[in-house]
Amino acid sequence: MGIPAGAGRLLGSGRTADVYALDDHHDHNGLGDHGGPGGGAWVLRRYRDGYGDAPAEAAVMEYVRAHGYPVPRVRAADARTDLVMERLYGPTLVEAVAAGQLTAGEAGSALARLLRDLHAIPARRSTDPAVRVLHLDLHPENVLLAPAGPMVIDWANTEEGPPGRDWSMSAVIVAQVAVDDDPRAPLAEEMLSALLAGCPDPALLTGPSGGLGWATGQRAANPTMSPSEVELLGEAGELIRRLLA
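What you see is a predicted model, and the numbers here were worked out from it, not measured in a lab.

## Re the environment of aspartate 82
Examined against the element boundaries, aspartate 82 turns out to sit in strand β5 (residues 82-86). For the pair aspartate 82 and arginine 48, spaced 34 residues apart in the sequence, the C-alpha separation amounts to 9.7 Å. There is a polar contact of 2.6 Å between the side chain of aspartate 82 and the side chain of arginine 46.

## A look at the environment of alanine 58
For alanine 58, the position within the fold is in helix α1 (residues 54-66). C-alpha separation for the pair alanine 58 and arginine 73, spaced 15 residues apart in sequence, amounts to 9.0 Å. Ignoring any residue separated from it by four or fewer positions in sequence, one finds alanine 58 in contact with Val74, Ala77 and Leu83.

## Considering the packing of helix α4 (residues 163-178) against helix α5 (residues 185-197)
Contact pair α4 / α5: the axes reach a minimum separation of 7 Å and the direction vectors enclose 160 degrees. One way to sum up the angle between α4 and α5 is to call them roughly antiparallel. You can see that α4 and α5 cross each other, and the crossing is left-handed. On the side of α4, the interface is formed by Trp167, Ser170, Ala171, Val174, Ala175, Val177 and Ala178, while α5 contributes Ala185, Ala188, Glu189, Met191, Leu192, Leu195 and Leu196. Its residues assigned to classes, the contact of α4 with α5 comprises twelve nonpolar, one polar and one charged.

## Brief notes about the packing of aromatic side chains
A complete count under the given rule lists one aromatic pair for this structure. Ring plane angle 90 degrees and centroid distance 6.0 Å describe the contact between tyrosine 69 and tryptophan 155, whose orientation is recorded as edge-to-face. Of the two residues, tyrosine 69 is situated in the loop between α1 and β4 (74-79) and tryptophan 155 in the loop between β8 (149-152) and β9 (159-161); the sequence distance between them amounts to 86 residues. Exposure class is identical for tyrosine 69 and tryptophan 155. Each is buried.

## Observations concerning the nonpolar core
Among the nonpolar cores identified, the biggest contains 52 residues, and Val64, Tyr69, Trp155, Leu192 and Ile240 are the most heavily contacted of them. Among the secondary structure elements, those contributing two or more residues to this core are α1, β5, α2 (93-98), α3 (104-119), α4, α5, α7 (212-221) and α9 (233-244). Counting residues per element, this core draws most heavily on α4, which supplies eight residues. Once residues within four sequence positions are removed from consideration, tyrosine 69 is found in contact with Val64, Leu114, Leu115, Asp117, Leu118, Ile121, Leu138, Val152 and Trp155. Core analysis: the second largest hydrophobic core is formed by seven residues, Leu22, Trp42, Ala76 and Val84 among them.

## Regarding the pattern of salt bridges
A complete count under the given rule lists four salt bridges for this structure. As a salt-bridge pair, aspartate 154 and arginine 45 come within 2.9 Å of each other at their nearest N and O atoms. Linking aspartate 154 in the loop between β8 and β9 with arginine 45 in strand β3 (residues 42-47), this pair joins segments that are 109 residues apart in sequence. Here aspartate 154 falls in the buried class, since its relative accessible area comes to 15%. Arginine 46 is paired through a salt bridge with aspartate 82; the nearest N and O atoms lie 2.6 Å apart. Here arginine 46 is found in strand β3, whereas its partner aspartate 82 is found in strand β5, with 36 residues between them in sequence. Accessibility assignment for this pair places arginine 46 and aspartate 82 in one class, buried.

## Section: the layout of surface pockets
Taken as a whole, the second largest pocket encloses approximately 160 Å³ of empty space. Lining the second largest pocket are 13 residues; nearest its centre among them are Ala56, Glu57, Val60, Thr158 and Glu159. Only α1 and β9 provide two or more residues apiece to the lining of the second largest pocket. A per-element tally of the lining of the second largest pocket places α1 first, with three residues. Tallied by class, the residues present in the lining of the second largest pocket amount to five nonpolar, two polar and six charged.

The rules we used
Residues numbered from 1 in each chain as written. Predicted model: local features only at pLDDT ≥ 70, side-chain atom pairs only at ≥ 80, totals over all residues. Heavy atoms only, no water. Helix = DSSP H or I, 4+ residues; strand = E, 2+ residues; numbered from the N terminus. Polar contact = N/O pair within 3.5 Å; in protein donor to acceptor, adjacent residues only side chain to side chain. Contact = heavy atoms within 4.5 Å. Axes fitted to C-alpha atoms, helices over the stretch in contact; angles between N-to-C directions. Parallel < 35°, antiparallel > 145°, perpendicular 65-115°, else oblique. Left-handed = near helix turned anticlockwise from the far one by under 90°. Nonpolar A, V, L, I, M, F, W, Y, C, P; charged D, E, K, R; others polar. Phe/Tyr/Trp six-rings, centres within 6.5 Å; stacked < 30°, edge-to-face > 60°. Buried < 20%, exposed > 50% of the residue type's maximum accessible area, 1.4 Å probe, protein only. Core = buried A, V, L, I, M, F, W, Y, C linked by side-chain atoms within 4.5 Å. Salt bridge = Lys/Arg side-chain N within 4 Å of Asp/Glu carboxyl O. 1 Å grid on protein atoms, 1.4 Å probe; cavity = no way out; pocket = protein on both sides within 12 Å on 5 of 7 lines; lining within 4 Å. Points joined across faces, edges and corners; volume = space filled by probe spheres on them.

Printed below as a string of structure tokens:
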């Protein structure tokens, strides 16, 4: 698709999307408010290869934000692939731990708090009281430590469902790093321990209707997972069960 009109430099690329800075004077839909240092307040998140549903993602972000949940403001979602949102300034939880701003345990506790707060919000569509808005990709690289506090980004996987799926997905993502041959593995295990300690009920993950089996199945079927990452899922699940025991 190329770089969109009004966009500046590429800020970052993930497995499914690229993020561009928008021109300081770019005024999409006539809205010119600014929320970051230097006036460069907005970014464009553009999905690749047909991935994503920007309008649906924007609707969920605005819904949880209206309930006080810490997400970027959304300005426009003009196409399925393009989401214009507030530019945030600050490190990810991973970067903050690496820089010594937070301990791994503090980062894990922050993830747990964000999950509890999200699941306190009523579902947007479902009338089932057991159903909540789920992020389903809430891991340390999707939380930014902005000046106002932690902010949750990347809502591409959001759905409604039982909270155990969200707890399980976050735990599995962190556990895959903890069991890998990775220098960050001890920090990831410390983070995972704190995350699980903040879960209101271990049965959300490992009970008869817990989400751990569902989450590992979803990760295994994820086309962005490498074969080596998929191979870690069994050991990751065992680590989670051991820490919850």
